[in-house]
Every structure is written in C-alpha cells, then in structure tokens.
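# Residue-level structural notes
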Amino acid sequence: MAATGRKHLVRDFNHFITCYLCRGYLIKPTTVTECLHTFCKSCIVQHFEESNDCPKCGIQVHETNPLEMLRLDNTLEEIIFKLVPGLREKEEQQELEFWKKNQPKANGQENLRCARIGLPDVGGDDGDCGGDDGDDAGDDDYHRSDPQIAICLDCLRNTGQSGESTVTDLMKRFIRCSSRVTVGTIKKFLSLKLKLPSSYELDVLCNGEIMGRDHTLEFIYMTRWRLHGENTYPMVLEYRPRIDFG
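Thresholds, definitions, all that
- Residues numbered from 1 in each chain as written.
- Predicted model: local features only at pLDDT ≥ 70, side-chain atom pairs only at ≥ 80, totals over all residues.
- Heavy atoms only, no water.
- UniProt positions renumbered as here; feature names shortened; annotations may be inferred.
- Pairing = 2+ DSSP bridges.
- Helix = DSSP H or I, 4+ residues; strand = E, 2+ residues; numbered from the N terminus.
- Contact = heavy atoms within 4.5 Å.
- Axes fitted to C-alpha atoms, helices over the stretch in contact; angles between N-to-C directions.
- pLDDT = per-residue confidence, 0-100.

The name an unreviewed UniProt entry assigns to the chain is Polycomb group ring finger 5a, from the organism Sparus aurata. Under the Subcellular location (unreviewed entry) heading, UniProt states for the chain: "Nucleus". A UniProt comment under Function (unreviewed entry) is attached to the chain, and it reads "Component of Polycomb group (PcG) multiprotein complexes; the complex class is required to maintain the transcriptionally repressive state of some genes."

Now the structure itself:
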C-alpha cells in the first residue's frame, strides 16, 4: 500500500531559510565562503562593520576585509521566493521605495546610453557607452525596471603593468545604470571604451579601497559610500591599471 504523502508547511523549512542574525527570511542570501554560513546581505555586511568573525561559528573570515569573502546565493534566493508567497513582491516594493527616497533628483550631469554591456539605455543625448560604431540596442530590456544609480568614473594617474600610464580619462565620465551592475561589468565597460587588450587588468576603487569584481553598485553605495558619510552625488568610482606588488 502506498504511503500517504505528508503536506509540508513553510515553517518546516524555516531553519534553512531564515537569517541567524535577524531571524527573518533570508533576503539576498549571502554566503561566507570560509565557512558556508548564509545570512541576509544587509545583516552580514552590518556585522562585518564591527567584527571580522562569522557571527554563527566564530571563525575569522578575513584579517582585514571580510566583505571580500561574501558571495550572493541566487539559487537559494529563488527557492525562498517560491516557498514564501508574496515575499519577492514585498521586497521589490521596499527596494524601489528606498531608492526613490535616497536618489537625488536630476543634477544636470549628462546620461549615457550603455546598453551594450548590460548598462541600461537611459535615453540620454550625450553618447553611447557601448562601442564607437553608434549601434543602439534601445529595443532590448537591459534592467530598466531595476533601481537606477548614477556614478562617475574617474581615472587615477598610476603607472601600468608596462611601467607607463596606459589608461586615460573617459570622454563621458557620468553614467546611470542598474544598481545591480557589478564591478566586473564596469571593468568590461572600461576596457571596451578605452580599447584595452583583453589581458589588461584594471582595479576599480571607492574611497581608495579596491572593490571586488562581484560587488554590485548597490553594495558599494551602501557599504563604502553612504555609510562612510559621503553626501555627494553621483557616487565616484576610480579606476587604474592593476598594480603588481610581486
């Protein structure tokens, strides 16, 4: 005789999908790569402002910069959203409301169209952040519905890998794009615009600190710009040739 199937409730899985720090459902679940414990992104980032240890097991995550040892778990996020009805919609609405309150009105800086590498086409009239062939990908959706953030990309005058300065200022330094764009994508954009060889490495910095390639602009804004008392807008990111200390 076949066994009667038991209906599982969401609370049966709460141990696996709730945050150790806030006790709520994991929002943007972020895993510490050293011990594989997972927390809400905002919870673990705030914790690491005060301590370099994992709040659950106590292991030292990193001597100086534990934020480098964090990775978003997109698969777990999708599982949680499927298990908890309405959670995705609630969080997206709260995120939109946050950015509406914290993003200043237009400041007169030029906006650029950056569709080619995932930066959204914002309909500006000052140029194209893609290639120099003038192609326009305006018919495609490049995260236009995401919260937007304006950034300024400044060149740091350092000597490059070959001993001479090989990077220059962008003709258009100001862009507006999805807050979910990563530093890795910004590096690809810079390499494209500056026509750098594929083997050439860049560092992207905020307030003098090198940012990890998986860091999103939202993450940098919350942990490196806004929390450090910066009130200017747009957020300034600097780039330079990677310095080899070896």
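Having seen the structure, we can now continue with the description.
## Side note on the sheet that holds strand β7 (residues 209-210)
Ordered in space as β5-β4-β8-β6-β7, the five strands form an open sheet in which the pairing is mixed. Here the strands that pair on one side only, and so sit at the sheet edges, are β5 (174-178) and β7. Here strand β6 (residues 202-206) runs beside strand β8 (residues 235-241); their pairing, made up of four bridges, is antiparallel. Residue pairing in the sheet places D203 in a bridge with R240 of β8. Its contacts with the sheet place helix α5 (residues 183-194) against β4 (148-155), β5, β6 and β8, and it is angled at close to 125° to β6. The sheet contacts of helix α6 (residues 217-226) involve β4, β5, β6, β7 and β8, and relative to β8 the element is tilted by about 105°.

## Quick look at the confidence of the model for the chain
Residue-level pLDDT values for the chain average 75, and 70% of them are 70 or greater. No element of the chain has a lower mean pLDDT than helix α4 (residues 87-102), at 79, and none a higher one than strand β2 (residues 38-40), at 93. Per-residue pLDDT stays below 50 along residues 105-142; that stretch engages in 81 contacts with residues further than four places along the chain or on separate chains. Low confidence marks residues 159-164, where pLDDT is under 50. Its contacts with residues over four positions away, or in another chain, come to nine contacts.

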